[in-house]
Amino acid sequence: MAQLPDGDEAPRDGALPASSLDAGRPLSLYIHVPFCRVRCGYCDFNTYTPAELGDLSPDTYLGAAMRELDLARRILGPRRIDTVFFGGGTPTMLPAEALTDLLRRAGELFEVSHDAEITTEANPETVTRQYFDDLRSGGFTRISLGLQSVVPHVLQVLERVHTPRRGLDAARWASEAGFEHVSLDLIYGTPGESRDDWAASLEAVSSAPVDHVSAYSLIVEDGTRLAAQVRRGEIGMPDDDDLADKYLMADEALTALGLANYEVSNWARPGGACRHNVAYWQGADWWGIGPGAHSHIGGVRFWNRKHPRSYAAALAAGDSPALAREVLDDEQRRVERVLLELRIDSGLPLDVLTPAERARVADPVARGLAVIDGDRLRLTRAGRLLADGVTRDLLD
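Cut-off values and rules
Going along each chain's sequence as written, the residues are numbered from 1 onward. In keeping with the model being predicted, local features are shown solely for residues with a pLDDT of at least 70 and side-chain atom pairs are shown and tallied solely at 80 or more, while totals for entire chains, interfaces and linings include all residues. No hydrogens and no water enter the side-chain calculation; it runs on all heavy atoms of the structure. Runs of H or I in DSSP of at least four residues are treated as helices and runs of E of at least two as strands, each being numbered from the N terminus. Buried residues are those whose accessible area, probed at 1.4 Å on protein chains only, stays under 20% of the maximum for their type, while exposed residues exceed 50% and partly exposed ones sit between those limits. Site definitions follow a grid-based scheme: protein atoms alone, a 1 Å grid, a 1.4 Å probe that fits but cannot get out for cavities, and for pockets an open set with protein on both sides within 12 Å along at least five of seven lines, plus lining residues having an atom within 4 Å of a point. Grid points are joined across faces, edges and corners, and a volume is the space filled by probe spheres set on the points. Residues are sorted three ways: Asp, Glu, Lys and Arg are charged, Ala, Val, Leu, Ile, Met, Phe, Trp, Tyr, Cys and Pro are nonpolar, and all the rest, Gly among them, are polar. Here, a strand pair is defined by DSSP locating no fewer than two bridges between the strands. Buried residues of nine kinds, namely Ala, Val, Leu, Ile, Met, Phe, Trp, Tyr and Cys, make up a nonpolar core once their side-chain atoms join them within 4.5 Å.

With respect to the element layout, Ser206 can be found in the loop between helix H7 (195-205) and strand S7 (212-217). With 51 residues separating them along the chain, Ser206 and Leu257 place their C-alpha atoms 6.8 Å apart.

Take a look at the structure:
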């Protein structure tokens, strides 16, 4: 699993610099649920199977998460919450009542906006019609389903345990439960995936009642089973041209369905963009609840202890679970704006760039990778394929 970054030791009481606190800024909550039935071979998220956790029960995690919510309220004071996102792991391994209890507690401690976006990720094999009914009645407004593919041999390589149709059925159940906002996650570039395989997954989206699709290129992360298979030569990875072709296929297919690209890897119908993720890309305040969760409050970034056992132990002792933090200076925050805002459809204000960086803008514009739209720089479709390189060239 991915290692936590280095940073300065976080204070035991979790206190933040007064300069980072502003009660007028809205807050987003991310709640990390670290449980999975099995760990997929490509996954390097902070997740644990029951065998790995032993006698550490979900109730222990829930009690710790409740304590961290209390801690966040003590440190931040009264704040308005605009978005809540349950991620993992597999949040839907927990009973729906457990998720709605956490949401209810957040509402007791903070003011949750009347139109707040409340999302949970869901694996298709862990949900039922009744589960979605319970989430909807408990205040959830959005479901994000991990479909990944509808092709059996692709799912097998990814070690996904659901059947090809299960994710599409789950999307229909969520819609029937009253969820207006339903998202599907897709992965392209799995070893052995043909263009026809990818086209089949994209075609499946057309029959699903969804208003949002995320399509990510498979990344082989060090330390995963997939990385070991690649290293041993058991499977090969597609080349960059194949990945580029599949990205363009996704953009053409999803655009034809009425979903507009609003971030490099995300498409949505009008009103369907994930407001929680937009808050990340725009540098808003968010507090991450749970083991290994990251937070950003007013230019201070901090992250929790990684293992659920040490996370819960810290909170049981009355301490903050934060392991380390970094206080970003003005230049670091400016660079982050360039890195993040250039990825979204509204683009990057040109005045965020230094004079030297603005002088470099002419090159990606001349190459058709970006356009100047009023006072903003926006990537073209070709530029989205090379987003990291365009950003690196501007900042160098």
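Our focus in this paragraph is unusual backbone geometry. That bond from Gly88 to Gly89 is cis: its omega, 15°, falls within 30 degrees of zero. Tracing the sequence through the fold places Gly89 in the loop between strand S3 (80-88) and helix H3 (96-109). Its identity is not glycine, yet Gln148 carries a phi of approximately 70°, on the positive side. Within the fold, Gln148 resides in strand S5 (residues 142-148). Relative accessible area serves as the criterion here: at 7%, Gln148 is assigned to the buried category.

Its volume calculated, the second largest pocket comes out at about 240 Å³. If you trace the second largest pocket, you find 16 residues lining it, with Pro26, Asp82, Ala279, Gln282 and Ala284 closest to the centre. Within the residue set of the lining of the second largest pocket, elements represented by two or more residues are strand S2 (27-33), S3 and helix H10 (275-281). The biggest single contributor to the lining of the second largest pocket is H10, with three residues. Residue composition of the lining of the second largest pocket, grouped by class: five nonpolar, six polar and five charged.

Here the focus is the pairing of S5. Of all the seven residues making up S5, seven are buried; the element is thus mostly covered by neighbouring parts of the structure. Of the two faces of S5, the one lined by Arg142, Ser144, Gly146 and Gln148 and the one lined by Ile143, Leu145 and Leu147 are each fully buried. Summarising the sheet, strand S4 (residues 111-122) and S5 pair through four bridges and their orientation is parallel. Across the sheet, Ala122 pairs through a bridge with Leu145, a residue of S5. As paired strands, S5 and strand S6 (residues 181-188) are joined by six bridges and run parallel to one another.

The next point concerns the nonpolar core. Ranked by internal contacts, the top residues of the largest apolar core, which has 98 residues, are Phe132, Leu135, Leu145, Phe179, Leu184 and Trp287. When residues in this core are grouped by element, the largest group, nine residues, is from helix H2 (residues 58-76).

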